[in-house]
Amino acid sequence: MIHFVLLVSRQGKVRLTKWYSPYTQKERSKVIRELSGVILNRGPKLCNFIEWRGYKVVYKRYASLYFCMCIDEADNELEVLEIIHHYVEILDRYFGSVCELDLIFNFHKAYYILDELLIAGELQESSKKTVARIISAQDQLVEAAKEEASSISNIIAQATK
Amino acid sequence: MNPFSSGTRLRDMIRSIRACKTAAEERGVVRKECADIRASINENDPHDRHRNLAKLMFIHMLGYPTHFGQMECLKLIASPGFPEKRIGYLGLMLLLDERQEVLMLVTNSLKQDLNHTNQYVVGLALCALGNICSAEMARDLAPEVERLIQFRDPNIRKKAALCSTRIVRKVPDLAENFVNAASSLLKEKHHGVLITGVQLCYELCTINDEALEYFRKKCTEGLIKTLRDITNSAYQPEYDVAGITDPFLHVRLLKLLRVLGHGDADASDLMTDILAQVATKTESNKNAGNAVLYECVETIMAIEDTSSLRVLAINILGRFLSNRDNNIRYVALNMLMKAIAFDDQAVQRHRVTILNCVKDPDASIRKRALDLVSLLVNENNVKQLTEELIDYLEISDEDFKEDLSAKICSIVEKFSPEKIWYIDQMLKVLSEAGKFVKDDVWHALIVVISNASELHGYTVRALYKAVLTFSEQETLVRVAIWCIGEYGDLLVNNVGVLGIEDPITVTESDALDVIEDAITRHNSDMNTRAMALVALLKLSSRFPSISERIKDIIVKQKGSLLLEMQQRAIEFNSIVDRHKNIRSSLVERMPVLDEATFNVRRAGSLPASVSTMSKPSVSIPNGVAAAPLVDLLDLGSDDILAAPSSSGADFLQDLLGVDLGSSPAQSDATQAPKAGTDLLLDILSIGTPSPAQNSTSSIDLLSTTDYNKNPSIALETLSSPAPPHKATTSSAGMFDLLDGLSPSPSPEATNGPVYPPIVAYESISLKIEFSFSKTPGNPQTTNVQATFINLSPNTFTDCIFQAAVPKFLQLHLDPASSNTLPASGNITQNLRVTNSQHGKKSLVMRMRIGYKVNGKDVLEEGQINNFPRGL
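The numbers attached to residues start from 1 for each chain and follow its sequence in the written order. The order in which chains are written sets their letters, starting at A; the order in which ligands are written sets their numbers, starting at 1. Residues qualify for local features only when their pLDDT is at least 70, as the model is predicted, and side-chain atom pairs are given and counted only at 80 or more; totals for whole chains, interfaces and linings, by contrast, use all residues. With hydrogens and water stripped out, all remaining heavy atoms of the structure feed into the side-chain values.

1. Let's talk about a negative patch on the surface
Residue and element names in this part refer to chain B.
(1) Moving on: A cluster of acidic residues, Asp173, Glu176, Asp209 and Glu210, forms a negative patch at the surface.
(2) Moving on: Elements are defined by DSSP. Helices are runs of H or I of four residues or more, strands are runs of E of two residues or more, and each kind is numbered from the N terminus. Of note, Glu210 is situated in helix H12 (residues 209-232).
(3) Moving on: On the basis of relative accessible area, Glu210 is assigned to the exposed category, the value being 64%. Note on patches: the residues involved have over 30% relative accessible area and no salt bridge, like charges join within 9 Å, and the nonpolar side chains Val, Leu, Ile, Met, Phe, Trp and Tyr join within 5 Å. All accessibility values rest on the Shrake-Rupley procedure with a 1.4 Å probe; residue burial counts only the protein chains present in the view. One speaks of a salt bridge when a side-chain nitrogen belonging to Lys or Arg is within 4 Å of a carboxyl oxygen belonging to Asp or Glu. Positive charges are assigned to Lys and Arg, negative charges to Asp and Glu, while His and the chain termini are left out of the count. A charged residue contributes its charge at one atom only: NZ of Lys, CZ of Arg, CG of Asp or CD of Glu. For each residue, the accessible area found with a 1.4 Å probe, counting protein chains only, is set against the maximum for its type, and the residue is called buried under 20%, exposed over 50%, and partly exposed in between.

Here it is as structure tokens:
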């Protein structure tokens, strides 16, 4: 199972964290500090796995962002690399060639997509298309609610004129 | 929307935070935003909630405290609209975790949302539940989730399936409720549902044996068919990854088959064909294909024996190992560790490649490879492998040396074919990575050296040469100091030169230079200095010609800031100075250290000694905070209990004197407790040299609890193997020296009932009187002070008193005040007798005393039956 997902920038800034196992706030910041120190300092040609406190951390760098997932020792590291790539591709499709800034200003969207991909630290969907469909359906729901709200406030505004 | 809202938009907040140049500036912005959000929360305006929570999540991600926003999440979740719920659930998952009490408040909202008419709201609730539910919530909401596994929309079904995996992880008792629902998911066509269904089944199988049995019977064939279908399926763009149809589903199916096949030959048999197909047909030029192959290999290794498949699997691993991609090599090393269990030979074939991986620049690969190499070692290849590893030790990274040297040491210790090879390899390791070597390793080396008597000369010369070059390796220096102290004469006189050695000439003062260097070096630690000081004392007798210089070095230590060093320096100085007559016997070579005892002790006291090693100055019984030297001269000081018992049999053997020859105290000791009283008493009349003490020595020797109770003692005996045993051979001199230190004996005399003294034994030339005292609160134990009175006009030398008691008694002898009994003079010795049948049986003892009169041995024996009653 995936214990947590971590997105860290080249500069060590955290862009997304998702915890599937219980960590206290203190532990979380310690883990982030420790791991970003190790991962950012690794050379480019080394393998994408780190053995860390009895777990394995699988990471991959995309442009200026490191995507890290912490898994159990017995899990399939190569598959987790695929999951990371899967997530990146879905982000890419959603934002249209995603960049770090997209993830900063729309961090909640990145979380929504991750929630359609993983639950309880396990993969829930292998089709990028399905994820995209569900996300856009929910986005439409939000849009519709917003429109409704603004039309109502228009009506109220007109009525009170 | 709200004209009175004073807050900034989320986007603006992110911008202003990103514009901050310093951390202080950022803190300022965040503080202000947090204040605004708090104010807005207090106003309780529902329009701002959405935005406040989004801001809080961003602030939370930066690592600032946001607990004040937790209730806002609950409010948003409870509101009717989808957008509010969406952000509310996201906040819930981000800001809270399962251990927070607040979470319980959300259970009711979750229950309502799980029954919501909008399937996306149901999805949100399932997702939140799956990510952060606690055991309590899992129990409360399990029925809802179970029902949702049958929901009409596949997207809800898959979420419900994963939510169930979390529930059964949290509450394994609930597993059986989910078995039926899970098996129905395996028949699905929708990949998302199938993947999550397989995952749920896997989880249930690992938790519940009945579930495992059920799935094995009902689902194995179906799963194999599903796997065959997707393996053979035509190109499906929706699921294709680098030419493989849905590698994620592949991996999960293989993983579930692994648990079903493990330990069940029939199920394993069924899946042989499909596994062979996956193993041969999967493309291995892309990561996705390799992920599937890797999972397939793991499944092949775990299921019941199908040897042809295993050959296939090993071949795949061989291919992986020669792959240029580091990731693939890493997983190959990982898998080979499992493969070694059933096909050692096949893995041995890759030994060269694996050895090269130890030298990889990548730390993860190095670590895996090193673990694998240590599994590959056997008697045949140990020399070659060790040589390679030691060569690499010279050039490896500093931070890898610790792991590497620890592995080499354990390999060498385990498989060493001969002692000289072991010593050679250990010296190499100590030379290269001495500062990383653990204490028990070099202690073991000293024990081995001590046992290899024919190699003493060779070893001390090799150490001398090594320490000249690698003087910064602390543990090497320690071993060298100990050996030079013990075998310095062999070094200088080139005793026992082996054919393979280059001849060297070492003068006495060269050897001394090494010790002086170690004791004066500014970064030597306390242990090293202490060992050096003992070595100096030993050398003062081995090298009489330069004893003046040795004395000078010792004298300098009088100024040491460490009390122990200071004190010992003064004492040693006076030994060198004033007690030349006893010095040589005082610093005689150590008796051979017992390997078996050491190993038992090492195994038993390892955790304890490790814990004390980090803190060498733990307080020891007599309150002096210092490590190794304490034992050496502790005998006369206040703690009669700790010191002699920690030195065990060797100590007692020494106590008995050199002329007794090498009576195997160890073996006697192990027999003694078994043999009954009669045997013990018989031993005396047979006239074997030193058995009388064994009832005590055996207790000391065998009671490892002594060491556990007081790890610092164990530490001392380990870290200063040299000193303690010698101390008493010349008790006369020592006691002069320590008069000032020793408190008056038998302080307990004033307490408890008073027993009259007895004359225990009397002959023409000798009289022995016993006086008794009890320690308050311990009626079983009697302290006996024996006074030996010389009735003859001659001086008795080498007096040794021995005693034996029946089994229900325990006897402990302290050293005598002197071993020389002048004409009409007397000496005293304390005994401690513990009567396990106190009140039922009274004391009885057999004794023997041996001494020399005018160079002639005299032996007197007797039985003591006249002990006062009630002792």
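Here the narrative resumes, following the displayed structure.
2. Considerations on helix H1 (residues 10-18) of chain B
(1) Moving on: Along H1 of chain B, the residues that are buried comprise Leu10, Met13, Ile14 and Ile17 of chain B. End-on, the buried residues of H1 of chain B take up no more than an arc of 100 degrees, which puts them together on one face.
(2) Moving on: We call two residues in contact when some of their heavy atoms are within 4.5 Å. For H1 of chain B, the secondary structure elements touched by its buried residues are helix H3 (100-105) and helix H4 (107-117) of chain A together with helix H2 (23-43) and helix H3 (46-61) of chain B. Our arc is simply the arc of the directions from the helix axis toward the C-beta atoms.

3. Notes on unusual backbone geometry
Residues and elements named next belong to chain A.
(1) Moving on: For Arg53, which is not glycine, the phi torsion reads 50 degrees and is therefore positive.
(2) Moving on: On the secondary structure map, Arg53 appears in the loop between strand E3 (49-52) and strand E4 (55-62).
(3) Moving on: Classification of Arg53 by relative accessible area gives partly exposed; the value is 47%.

4. Observations concerning the packing of helix H13 (residues 247-261) of chain B against helix H15 (residues 287-302) of chain B
Residues and elements named next belong to chain B.
(1) Moving on: For the pair H13 and H15, interaxial distance at closest approach is 9 Å and the crossing angle is 5 degrees. Comparing their axes, H15 and H13 come out roughly parallel. For the pair H13 and H15, the contacting residues are Pro247, His250, Val251, Leu254, Lys255, Leu257 and Arg258 in the first and Ala288, Ala291, Val292, Glu295, Cys296, Glu298, Thr299 and Ala302 in the second. Here, axes are lines fitted to C-alpha atoms. For helices the fit covers the stretch in contact, and angles between N-to-C directions go from 0 to 180 degrees. We call two directions roughly parallel when the angle between them is under 35 degrees, roughly antiparallel when it is over 145, roughly perpendicular when it lies between 65 and 115, and oblique otherwise.

5. Some points on the interface of chain B and chain A
(1) Moving on: With 70 residues of chain B in contact, the opposing surface of chain A contributes 66 residues.
(2) Moving on: Here the quantity called buried area is the accessible surface, traced with a 1.4 Å probe, that two parts lose on coming together, added over both. Area buried by chain B at its contact with chain A is led by Met61, Arg86 and Phe248 of chain B, which between them contribute 13% of it.
(3) Moving on: Summed over the shared surface of chain B and chain A, the number is 10 salt bridges.
(4) Moving on: Under the rule applied, a polar contact is a pair of N or O atoms within 3.5 Å (in protein, one hydrogen donor and one hydrogen acceptor; residues adjacent in sequence only if both atoms are side-chain atoms). Along the contact surface separating chain B from chain A lie 27 residue pairs in polar contact (both at pLDDT 80 or more).
(5) Moving on: The greatest single-element share of the side of chain B that touches chain A, amounting to 8 residues, is contributed by helix H9 (residues 154-170) of chain B.
(6) Moving on: Residue polarity follows a fixed list, in which Ala, Val, Leu, Ile, Met, Phe, Trp, Tyr, Cys and Pro are nonpolar, Asp, Glu, Lys and Arg are charged, and the others, Gly among them, are polar. Split into classes, the residues belonging to the side of chain B that touches chain A amount to 31 nonpolar, 17 polar and 22 charged.

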